[in-house]
Amino acid sequence: MKGAAVVIIGAGVTGLSAAWWLARDGVDVLVLDKGVIGYEASSRNGGGATHYQSPLFHEEQRLWPLMDQLLGYPTEHRPERIVIAMTEDQMARYRRMQRILAGLGYRADMMDPQQVRDAVPLAGDRHIGGVHIRTGGQANPQRTVQAYAWAAQDHGARIAQHVPVLGIEMAQGRAVGVRTRDGTIGCDQLVVAAGPQSGVLLRGIGIDLPVAPARAEMIVTEALPLMPLGGVDGNGLYGRQTLRGNLAYGGGWHEWMDDLPLAGKLPRPSTPTITQIALRLAQILPKAAHARVIRSWAGIVENTPDGRPVLDRPKAPGNVTVATMSSVGFGLSPASGRAVRDLVMDGRCGFAEIGKLSLARFAGLDPDWRRLQGWVTPRAEVMA
């Protein structure tokens, strides 16, 4: 396979967005993925676009309403979101969220229980209020991932599926290619956006990226009458009502996993999270409690020790950009892809200060950080 000026490892939402931003500037881009585009968590998430604690938040909010036009394909983005509180602790967190958003210049209105019931027909009587966020919103993850891929290809990017990268080739202190089963693919610049497998790949060239893989799960119900606003969540859940009326929700604890293989069959974890997701969904939307769960999704996400993404181009080797989003990749993807484009082409992000997302913040991290945080693999029997 012919090499490229920029090779991106990982056809998740971050890698594909970066490919699109680079290709639209005329850069020769090749994206490699061990499976198919967006097969893991990139297409199995709540589709939320309200990451107000990120330095990329303003760009996230600016870009989402423009993405259908910019990409030329639908993302099903819809603005606004209502978050329902079931406990005083949750309500206190949402009040804090409202204050932060107001400080950033975005409108969010606290809601009393009756206002929630008026706005959310599937809500019941047990909640104690909520917050109506007048920005952000949500999009369809599967449509969005495909939109990035098609738009990148429209600008000349190449995407190779079922091509696992087995290692990174170095020469004279720089990354010069990636090893695959079919040989080495050369590159001038390399972007590692391989999600939970980024840590293993980067370790091979001396870059320490602390990430813990975990499985996240979602459920989807049968279609219900459309609510006025599809973006409704809370009670520890994320998700939305789709344009077809299905309730698609996830959230809760992760099932922690060991390092994943770079190629071959992934382990099949087992987890009881579906029941807990369904229970909490019935608590915030009790008038949907009768709805049947018709399918579930699971994807493997990567998590950094502080939960924040890493967007960085380390000084050594100097031509490798690290892009791992720590479970918040979907919503930030319009902005993170642009940030990766800037790091690759300009060496720095030109629209936001992203120093807090650098690898340097993990200097001195205890090597046993996963055990100290309780992020360890359950020793339950792994299904064959």
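Model, not experiment: these values are computed from the prediction. (Residues numbered from 1 in each chain as written. Predicted model: local features only at pLDDT ≥ 70, side-chain atom pairs only at ≥ 80, totals over all residues. Heavy atoms only, no water.)

A closer look at the side chain of R341
As for its position among the elements, R341 is in helix 9 (residues 329-346). You can call R341 buried: its relative accessible area is 15%. There is a polar contact of 3.1 Å between the side chain of R341 and the side chain of D342. The contacts of R341, once residues within four sequence positions are left out, are W21, L22, D25 and D346. (Helix = DSSP H or I, 4+ residues; strand = E, 2+ residues; numbered from the N terminus. Buried < 20%, exposed > 50% of the residue type's maximum accessible area, 1.4 Å probe, protein only. Polar contact = N/O pair within 3.5 Å; in protein donor to acceptor, adjacent residues only side chain to side chain. Contact = heavy atoms within 4.5 Å.)

Regarding the pairing of strand 17 (residues 320-324)
Of all five residues that make up strand 17, five are buried, and the element is covered over most of its length. Burial along strand 17 is two-sided: V320, V322 and T324 and T321 and A323, pointing in opposite directions, are all buried. Both strand 9 (residues 183-192) and strand 17 contribute to a ladder of three bridges, which runs parallel. Residue V191 lies in a different strand from strand 17, and its bridge partner there is T321. Judged from the three bridges that link them, strand 16 (residues 310-312) and strand 17 form a sheet pairing that is antiparallel. Across the sheet, D312 pairs through a bridge with V322, a residue of strand 17. (Pairing = 2+ DSSP bridges.)

Considering the pattern of salt bridges
Proximity of charged atoms lets side chains of opposite charge pair with each other. According to the stated counting rule, one finds 20 salt bridges in the structure shown. Linking D125 and R117 is a salt bridge whose minimum nitrogen-to-oxygen distance equals 3.7 Å. Since its relative accessible area comes to 65%, D125 is described here as exposed. For R117, a relative accessible area of 26% gives the class partly exposed. Two residues, D368 and R371, come together in a salt bridge whose shortest N-O distance is 2.5 Å. A relative accessible area of 52% places R371 in the exposed class. Connected through salt bridges with shared partners, the residues D25, R341, D342 and D346 form a single ionic network. (Salt bridge = Lys/Arg side-chain N within 4 Å of Asp/Glu carboxyl O.)

Brief notes about the environment of G199
On the secondary structure map, G199 appears in helix 7 (residues 198-203). Leave out the neighbours within four places in its chain, and G199 touches L209 and V211.

Considering the packing of aromatic side chains
Evaluated as defined, the whole model comprises seven aromatic pairs. Note on F57 and Y106: the rings are 4.9 Å apart at their centroids and 65 degrees apart in plane angle, and the pair reads as edge-to-face. Taken together, the positions of F57 in helix 2 (residues 57-63) and Y106 in the loop between helix 4 (88-104) and strand 4 (108-111) put the pair 49 residues apart, joining distant regions of the chain. Judged by relative accessible area, F57 falls into the buried class, the value being 1%. Of the residues examined, Y106 reaches a relative accessible area of 18% and is grouped as buried. On the numbers, 5.2 Å between centres and 50 degrees between planes, the contact of Y73 with W150 is tilted. (Phe/Tyr/Trp six-rings, centres within 6.5 Å; stacked < 30°, edge-to-face > 60°.)

Function cannot be inferred from these measures alone, as they are strictly geometric.
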